[in-house]
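# Fold and geometry: a report
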Number of protein chains: 2
Amino acid sequence: MSRFSRLQRESSEIYPGSESDGYKSKNLVTERNRRTRIKTGLFSLSARVPKISKMDKAAILGDAIDYISELLKDVKNLRDEIKNAEEEECRASNMELKTSKLETCQKGCMSSTKVNQDPSGFVKKERTEVQLEVDQIGKRHFLLKFLCEKKRGGFGRLMETIHSLGLQIHDANITTFNGKFLNILKIES
Amino acid sequence: MSRFSRLQRESSEIYPGSESDGYKSKNLVTERNRRTRIKTGLFSLSARVPKISKMDKAAILGDAIDYISELLKDVKNLRDEIKNAEEEECRASNMELKTSKLETCQKGCMSSTKVNQDPSGFVKKERTEVQLEVDQIGKRHFLLKFLCEKKRGGFGRLMETIHSLGLQIHDANITTFNGKFLNILKIES
DNA sequence: GCGTACACGTGATGC
DNA sequence: TGCATCACGTGTACG
């Protein structure tokens, strides 16, 4: 009996839903839709994957997995790159400053008989606070960091003093801020 | 005829492979393997996707697609970030140097009556080649690039000269190489 | 019971 | 011809 009915259906229901309408057609159409959804999703997924070995379902999935792994690796590499760059930059900018703090010492800033050219004409010989640090960076090379009040001509006199001591300036970096005067010099004895 | 044979098969082959062994069993097993592969791939794919809405096949595919889009967006953002950082850094480092080339001019390097302290005691007053460039970078601010032969005390005298002209040095960058002497100064009139 | 998702076996198709 | 893949309809289990 079931054989017959089945045979019937197979022969008469080439397109389902003609005779016994709500029999299995509901499941049939939903299943069709489901398959369509899966198919569409798989196709859409393969469209986003650049490297496609084959158009198989399994191959698409494998390629998608590989692609995701590759993307994750890229993200990781880029993150590392940014991190390294930032670290390097930070290290470079702090290289001289973070090694050690400038020591504070009291020292007469005036090393010669020259006097300050004050607008009032008043001669000042005041003692000035100076921060100084010397690091030896080679057999005959030193790094000198020097922070003092900004004074006209003071820099030239510093140079003269250094030269008079038989020292030679290789590189110099001078900047002024807040009326201060910061030198970082590489000198050779 | 086909109907009959089909009926035959359907009734006798409840478990495939009992009677006509290699009939469809090959296709059956390969199909099983294929389904297993697809299933495994889909499962493996879902394992790599962090955001899972449902465990549906279609949902897995959709989530995977979204995840790939998200990863691509991340990669793009990171690339842009790196690119911007590099551009900024490059611009900052080339800001002063790329404006124009140093002009070459002939000029007496000695600006005062002081003489060179030669080991032989011989007084030299030779003319030296000097490359000089001045750029105005503000209303009262200038950028001075200065390249000359290295001479002891020359730098101090340059400072004195600048000061004597009523100019004020804000920042200075000095380096020596090949017996040359390169200054880049930011000065204010 | 109803809707949904799945696995299954099978016919069809392409190489 | 085999071999691999696919779509299809169906049975079935779960909520």
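### Considering the overall build of chain A
When helices and strands are tallied, chain A shows four helices and five strands. Secondary structure elements of chain A, listed N to C terminal, follow the sequence α-α-α-β-β-β-α-β-β. A total of 189 residues make up chain A; the buried ones form 28% of that total. Put simply, of all contacts in chain A between residues at least 6 apart along the chain, 41% involve residues at least 24 apart. When the accessible area of chain A is evaluated, it comes to approximately 13100 Å², of which 53% is carbon and sulfur surface.

### Observations regarding the protein's contact with DNA strand D
Taken together, 15 residues lie around DNA strand D, and R32, R35, K39 and K57 of chain A together with R37 of chain B are the ones closest in. The sugar and phosphate moieties of DNA strand D supply 60% of its atoms located within 4 Å of the protein. In this structure, N27 of chain A approaches DNA strand D through a side-chain N or O atom, which is 3.4 Å from a base oxygen. Between DNA strand D and the protein, one listed contact pairs a phosphate oxygen with a side-chain N or O atom of R32 of chain A at 2.9 Å. Of all the secondary structure elements, the ones that give two or more residues to the surface near DNA strand D are α2 (25-47) of chain A together with α2 (25-48) of chain B.

### Quick look at a positive patch on the surface
A contiguous patch of positive charge, built from K39 and K57 of chain A together with K39 and K57 of chain B, is present on the exposed surface. Relative to the elements of secondary structure, K57 of chain A occurs in helix α3 (residues 57-99).

### Brief notes about the environment of L182 of chain A
Residue and element names in this part refer to chain A. Along the chain, L182 turns up in strand β5 (residues 180-188). Using a relative accessible area of 18% as the deciding quantity, one classes L182 as buried. The sequence separation of L182 and E149 amounts to 33 residues, and the corresponding C-alpha distance is 8.7 Å.

### With respect to the relation of the copies chain B and chain A
Rotating chain B by 179° about the axis while translating it 0.1 Å along that axis superimposes it on chain A, leaving an RMSD of 1.2 Å. Taken together, these values place the two copies in the relation of a two-fold axis. Most of the interface of chain B is mirrored in chain A, where 100% of its interface residues again form contacts.

### Looking at the interface of chain B and chain A
Contact residues are listed per partner, giving 49 residues for chain B and 49 residues for chain A. Of the roughly 4400 Å² buried where chain B meets chain A, counting both sides, 66% is carbon and sulfur surface. Where chain B touches chain A, the interface holds six residue pairs in polar contact (both at pLDDT 80 or more). Looking at the side of chain B that touches chain A, the elements with two or more residues in it are α1 (2-12), α2, α3 (57-94), α4 (154-164) and β4 (168-177) of chain B. Ranked by residues supplied to the side of chain B that touches chain A, first place goes to α3 of chain B with 16 residues. Of the residues in the side of chain B that touches chain A, the class split is 22 nonpolar, 13 polar and 14 charged.

### Things to note about the confidence of the model for chain A
All names here are of chain A. Put simply, chain A has an average pLDDT of 70, and 66% of its residues get 70 or more. Looking across chain A, the model is least confident in helix α1 (residues 2-12), with a mean pLDDT of 34, and most confident in α2, with 91. Every residue in residues 1-20 scores below 50 in pLDDT, and together they form 16 contacts with partners more than four places removed in sequence or on other chains. For the stretch residues 95-126, pLDDT sits under 50, and the model shows 36 contacts to residues farther than four places along the chain or on other chains.

Conventions and cut-offs
Residues numbered from 1 in each chain as written. Chains lettered and ligands numbered in written order. Predicted model: local features only at pLDDT ≥ 70, side-chain atom pairs only at ≥ 80, totals over all residues. Heavy atoms only, no water. Helix = DSSP H or I, 4+ residues; strand = E, 2+ residues; numbered from the N terminus. Buried < 20%, exposed > 50% of the residue type's maximum accessible area, 1.4 Å probe, protein only. Contact = heavy atoms within 4.5 Å. Areas by Shrake-Rupley, 256 points an atom, 1.4 Å probe, with all protein chains shown as cover. Near = heavy atom within 4 Å. Polar contact = N/O pair within 3.5 Å; in protein donor to acceptor, adjacent residues only side chain to side chain. Patch = residues over 30% accessible without salt bridge, like charges linked within 9 Å, V, L, I, M, F, W, Y side chains within 5 Å. Salt bridge = Lys/Arg side-chain N within 4 Å of Asp/Glu carboxyl O. Lys, Arg positive; Asp, Glu negative; His and termini not counted. Charge placed at Lys NZ, Arg CZ, Asp CG, Glu CD. Least-squares fit on C-alpha atoms with pLDDT ≥ 70 in both. Buried area = accessible area lost by both parts, 1.4 Å probe. Nonpolar A, V, L, I, M, F, W, Y, C, P; charged D, E, K, R; others polar. pLDDT = per-residue confidence, 0-100.

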